[in-house]
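The residues making up each chain are set out below.
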Amino acid sequence: EARADGDAFVWHGYKSPDECPDERAMLLLSPGGTDAVVVREFDLRSCRFVTAQEGGFATEQPAKCDVSYRSRDELLIGTDFDGDGASLTDSGYARVVKSWKRGTPLSDACTVFSVSKSDVSASQYAYRDRGYVHEWRLRVPSFYTTEQWYRVPDLSKSAADDKTPFVKLEVPADASVGTFGNQAIMELRSAWAPPKAPGGKQFAAGTLLAAPLPDVLAGDWARVTALFEPSDDGSTSLQGMAATRNYIVLETSEHVNSALRFWRFDAGMENGERAVKGEGDEVGEGLGGAEKNF
């Protein structure tokens, strides 16, 4: 529990801008500890909230909220904008995403993405990743499926003014997609045969795939790499994944023993040798503390 200007809040996390993560952060604070939060910008150097007079971002209406910095002076935010639930889905999550510029009231924020009330949620976010810049739009029609659109944004413009088109990813709706540099990293929850994959191969549920993101957007998986494939008999499985500056580190279970596998990023994914094996939690305990310069 924390206090801000005399009000008691329960901490619900924070978001910081990629370009200056040690300067500012949006704090998610819950009055009473419910799922509803207010967000307030905090100056990490002076250890105080940034006031509206200083151009600080802050919401007043507690609500389920999805917020992130698109740049130092722009937020992408989804919340209950008018307090009447119109901008929320029937599930209570954001269905409207707006671009909010520093120094302007939330009422002036411009809608950049929306979904129907019957969907679960909508979100849009941009970030930097090992020299690349990514922006995603997500429509979540059910708790187990997601539609995803992608673009390389022009961060010199606001999200509303950036005319770079989004491209829909033609991937399984139940797959989980992320990035590592310019690689798309995708974990399958159901079997799938990617278009143009070598030999028309079908990958099993539980497989972790990597492919150049521009190829994925074009529907071309000819350069796909399987970072992990479960065994047919179920004796191997992926237990966790961590990322350092240059490596993806996979924690796997093989016949009840833990092992780490390393994949190095160098304009593509290059296999590293399995470096560590152990039993139980012995290996996994070291995964979260991987050296970031490694």
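Residues numbered from 1 in each chain as written. Predicted model: local features only at pLDDT ≥ 70, side-chain atom pairs only at ≥ 80, totals over all residues. Heavy atoms only, no water.

Caption draft 1: Local environment of the overall build of the protein. Helix and strand counts for the protein stand at one helix and 22 strands. Counting every position in the protein, which comprises 294 residues, the buried fraction comes to 46%. Restricting the contact set of the protein to residue pairs at least 6 apart, pairs at least 24 apart contribute 38%. Accessible surface, the protein: about 14,700 Å² in total, of which carbon and sulfur atoms supply 47%. (Helix = DSSP H or I, 4+ residues; strand = E, 2+ residues; numbered from the N terminus. Buried < 20%, exposed > 50% of the residue type's maximum accessible area, 1.4 Å probe, protein only. Contact = heavy atoms within 4.5 Å. Areas by Shrake-Rupley, 256 points an atom, 1.4 Å probe, with all protein chains shown as cover.)

Caption draft 2: Summary view of the packing of aromatic side chains. For the structure shown, the criterion picks out nine aromatic pairs. With a centroid separation of 6.0 Å and an interplanar angle of 65°, the aromatic rings of Phe 113 and Trp 149 are classed as edge-to-face. One end of the pair, Phe 113, is in strand S9 (residues 110–114); the other, Trp 149, is in strand S12 (residues 145–151), with 36 residues separating them in the sequence. Across this residue pair, the class does not change: Phe 113 and Trp 149 are buried. Positioned above the aromatic ring of Phe 49, the side-chain terminus of Arg 40 is 4.1 Å from the ring centre. The ring of Phe 180 is capped by Arg 130, whose NZ or CZ atom sits 3.8 Å from the centre of that ring. (Phe/Tyr/Trp six-rings, centres within 6.5 Å; stacked < 30°, edge-to-face > 60°. Lys NZ or Arg CZ within 6 Å of the ring centre and 35° of its normal.)

Caption draft 3: Unusual backbone geometry, seen in detail. Of note in the backbone geometry, Lys 196 takes a positive phi value of approximately 65° without being a glycine. Turning to its location among the elements, Lys 196 is positioned in the loop between strand S15 (183–187) and strand S16 (208–212). Even without glycine at this site, Val 256 takes up a positive phi of about 75°. With respect to the helices and strands, Val 256 occurs in the loop between strand S19 (247–254) and strand S20 (257–265). Exposure remark for Val 256: the relative accessible area of 71% places this residue in the exposed category.

Caption draft 4: Local environment of the sheet that holds strand S14 (residues 176–180). An order of S14-S15-S16-S17 is seen for the four strands of this open sheet, with the pairing classed as antiparallel. This sheet does not close on itself; its edge strands, each paired only once, are S14 and strand S17 (225–228). Neighbouring strand axes in the sheet, compared pairwise and without regard to direction, differ in orientation by 30° on average. Strand direction decides the pairing type here: S15 and S16, joined by five bridges, are antiparallel. Counted as the bridge partner of Ile 185 is Ala 210 from S16. (Pairing = 2+ DSSP bridges. Axes fitted to C-alpha atoms, helices over the stretch in contact; angles between N-to-C directions.)

Caption draft 5: The arrangement of the sheet that holds strand S8 (residues 96–101) in detail. Ordered by their spatial adjacency, four strands build an open sheet running S6-S7-S8-S9, and the pairing between neighbours is antiparallel. Two strands in the sheet have a free side with no partner beyond their single neighbour: strand S6 (66–71) and S9. Sheet twist, expressed as the average angle between the axes of neighbouring strands with direction ignored, equals 25°. Bridging between strand S7 (residues 74–78) and S8 involves four bridges; their strand directions are antiparallel. Across the sheet, the residue bridging to Ile 77 is Lys 98, located in S8.

Caption draft 6: A look at the confidence of the model for the protein. The pLDDT averaged across the protein works out to 90; a share of 88% of its residues lies at or above 70. This stretch, residues 272–276, has a pLDDT under 50; its non-local contacts, to residues over four places away or in other chains, come to 13 contacts. Between residues 278–292, whose pLDDT stays under 50, and residues either more than four places distant or in other chains, the model counts 21 contacts. (pLDDT = per-residue confidence, 0-100.)

Caption draft 7: A look at the pattern of salt bridges. For the structure shown, the criterion picks out 22 salt bridges. With a shortest N-O distance of 2.9 Å, Arg 48 and Glu 54 are connected by a salt bridge. A salt bridge links Asp 162 to Arg 151; the shortest N-O distance between them is 3.7 Å. Here Asp 162 is found in the loop between S12 and strand S13 (167–168), whereas its partner Arg 151 is found in strand S12, with 11 residues between them in sequence. The class for Asp 162 is buried, based on a relative accessible area of 6%. A single salt-bridge network, built from bridges that share partners, covers Asp 22, Glu 23, Arg 24, Glu 41, Asp 43, Arg 45, Arg 72, Asp 73 and Arg 102. (Salt bridge = Lys/Arg side-chain N within 4 Å of Asp/Glu carboxyl O.)

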